[in-house]
Amino acid sequence: MNNMGPYDEIRKKFNWNISENELGYKDGDDINIGWYCSDRICDQGKGEKVALIWQGFSGEVKKFTFNDSRIITNTMASFLQKTGVENGDRVCLFMDKIPELYFGFLGILKMGGIAQPLFSAFGGESLITRLEDAETKAIITQKKHLGKVRKIRDELPGLEYIIVVDYDGKKPLQEREIAFSMEDSEKIEKFDVFRSKAETPSVLHYTSGTTGQPKGAQHVHYSLISQYISSKYVLDLKDDDIYWCTADPGWVTGTSYGIIGPWSNGITQCVLDSGFKAENWYRFIEDQKITVWYSAPTAIRALMKEGKSEVEKFDLSSLRHLCSVGEPLNAEAVLWSTDTYGLTFHDTFWQTETGSMVITNYPGMEIKPGSMGKPFPGIEATVLDLKTHEPIEKRGVVGLIALKPGWPSMFRAYWNNEKTYNSKFINGWYVCGDRASIDEDGYYWFVGRDDDVINTGGHLVGPFEIESALLEHESVAESAVVGKPDPVNMEVVKAFIALKPGVEASDMLELEIMNFIRKKLSPLAMPQDVEFVDSLPKTRSGKIMRRMLRAKEWGEEIGDTSTLEDD
Ligand code: WT7
């Protein structure tokens, strides 16, 4: 029997109070995610249960119980406080998927800080943009990423503390740098957890848009109410499960469902701190006897490429439930998983802004391969007419996915950017920025994004951020960045570049530009393809027509070009 029961029944009777009651929370109470994910589980007598099974890239395994987690997160919270971090300060987590990242996240929340996780592959420019915008007070990092932080710290006078979790004493620390050791610090048994309330800010996740620099989606502690119950219903987490979320906490899946969801449910979860390799992934499932697996279409397509023969080498019989998020999960991948694992990947749709799953497939509900499923109980969803922004009554018509505001984990602001935040709400709906249609049975079918944001392997990258960085290259006069179809990553970044007068296009220059972006921004933002052009198509008002370039890449109709500059 699954946790949720029949969809139609729960949909009718669902109320967020169900989640509040299970968590023992009442309106006006204190609610601190850090406490809920560690202390509360210990209070329930599960202190000796394993919370985290961690495996490093060289194969070493470490295990931590919920009681270990409680003490380590106390220790980290207390250290931050003593260092000078105050509640409300932004504390950036800039680490690989090491245990300190997971416990640091909860430690920050326990002392009332706002956790700002950033992907450890980010380069200097990506870091500066996000740390500057958030006016981040402290960054927690590792030796291997310290070089990147040192390069930019002079531009960030407000970044007062650079905390290094694996300092080995070999080279002296520099200004603002402080060592912290999770293992060697004095253990703090009792910590006075910050008495946050429902609307106290908790997490700041940066996400990319079409225009301007990335926006910080700010969440609150009350988000727990959504994250807890959706983990229970959609991931179907039960007491004896061993759960694996493959996402990095630099992205929202890795915090909502790679920390908060499973641990607030008192579930054992696994982390594999190494890149994708089919063999290693399957071995990890076999070794740790993973039962519930939350991953992404890009990974699933990569596993498909490796084929069934790779699967047969391993004993994956512990698996019982599979879910996916981040990009459209094509019907073929769904059918393949049923055929190969004897289990069907359940697609889930949501965003950084929604904080938790909003349209998904449920255990026990009939799956239509290729569909994202139905709205989570408690979420009112629809599609809006592309022009009038009124809900479309007729089934099968493509519109904008929209949600009625008010679910607990909805973002409460874009940091410093009220205007853009407000622009996401139209006619009383939160508009996601994606297009879909709803069929006769109420299932949602994803069509595509409604803007120029590029989704590469489940990671959103903003064309503007890449274009701005390209302009800093000495040879580039103008550029336009679009998504180009890719069989595994769905999209990869393609850059159209007009060179400065006198500069010759060459393969060397192409490579140089790719590397320039990889270092400055990240490997995800790096163009996989560079096309040198004489000029870029622009509107009469001078805006680059990315859509036209994109349509060409996708072999689509170019559409209305009447606003083109030189038609
Ligand atoms: C965007 C949000 C939330 C977890 C990871 C991404 C796309 C997400 C699906 C899906 C089709 C999907 C949308 C969405 N997306 N899940 N199941 N099917 N598209 O979070 O970085 O905020 O990206 O990812 O375009 O708006 P994010």
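The structure displayed is predicted, hence computed values, not measured ones.

Below, the discussion takes up helix α9 (residues 224–233). With nine of its ten residues buried, α9 lies for the most part within the structure. Every buried residue belonging to α9 is among L224, I225, S226, Q227, Y228, I229, S230, S231 and Y233, and all of these are buried. Contacts made by the buried residues of α9 are with α1 (7–13), α2 (16–22), α3 (33–37) and α10 (252–264).

Let us now look at the domain arrangement of the protein chain. Looking at the protein chain, the domain boundaries give domain 1 (7–435) and domain 2 (456–554). Counting from both sides, the interface comprises 25 residues of domain 1 and, opposite them, 22 residues of domain 2. Here domain 1 meets domain 2 over a buried area of about 1,700 Å², counting both sides, of which 54% is carbon and sulfur. Of all residues in domain 1, E125, S208 and W251 bury the most surface against domain 2, accounting for 27% of the area lost on that side. The interface formed by domain 1 and domain 2 contains two salt bridges. One salt bridge in this structure joins K520 and E125, with 3.2 Å as the shortest N-O distance. Between the two partners, domain 1 and domain 2, sit eleven residue pairs in polar contact (both at pLDDT 80 or more). Where the side of domain 1 that touches domain 2 is concerned, the elements lending two or more residues are α7 (124–134) and α12 (297–306). Per-class residue counts for the side of domain 1 that touches domain 2 are seven nonpolar, 13 polar and five charged.

Counting 99 residues, the largest nonpolar core has F105, I140, L235, Y243, W263, Y294 and F376 as its most contacted members. In terms of residue count, helix α6 (residues 99–110) provides more of this core than any other element does, seven residues in total. For F376, the contacting residues outside a window of four places in its chain are R11, F14, W16, I229, S230, Y233, V234, M357, V358 and Y362. With 37 residues, the next largest nonpolar core counts V149, I152, L499 and I513 among its residues.

Now for empty space enclosed by the protein. Per the stated rule, a full pass over the model turns up five cavities of 30 Å³ or more. Here the largest cavity is characterised by a volume of approximately 120 Å³. Around the largest cavity, the lining is made up of 16 residues, and of these F122, R130, S208, V461 and E465 lie nearest the centre. Broken down by class, the residue content of the lining of the largest cavity amounts to nine nonpolar, five polar and two charged.

This next bit is on unusual backbone geometry. The phi dihedral of R176 falls on the positive side, at around 70 degrees, and the residue is not glycine. Residue placement: R176 occurs in the loop between β6 (161–164) and β7 (177–179). Within the chain, K289 stands out as a residue other than glycine whose phi angle is a positive 55 degrees. Along the chain, the position of K289 falls in the loop between α11 (278–288) and β12 (292–295).

Procedures and definitions
- Residues numbered from 1 in each chain as written.
- Predicted model: local features only at pLDDT ≥ 70, side-chain atom pairs only at ≥ 80, totals over all residues.
- Heavy atoms only, no water.
- Buried < 20%, exposed > 50% of the residue type's maximum accessible area, 1.4 Å probe, protein only.
- Helix = DSSP H or I, 4+ residues; strand = E, 2+ residues; numbered from the N terminus.
- Contact = heavy atoms within 4.5 Å.
- Domains from an automatic or database assignment.
- Buried area = accessible area lost by both parts, 1.4 Å probe.
- Salt bridge = Lys/Arg side-chain N within 4 Å of Asp/Glu carboxyl O.
- Polar contact = N/O pair within 3.5 Å; in protein donor to acceptor, adjacent residues only side chain to side chain.
- Nonpolar A, V, L, I, M, F, W, Y, C, P; charged D, E, K, R; others polar.
- Core = buried A, V, L, I, M, F, W, Y, C linked by side-chain atoms within 4.5 Å.
- 1 Å grid on protein atoms, 1.4 Å probe; cavity = no way out; pocket = protein on both sides within 12 Å on 5 of 7 lines; lining within 4 Å.
- Points joined across faces, edges and corners; volume = space filled by probe spheres on them.

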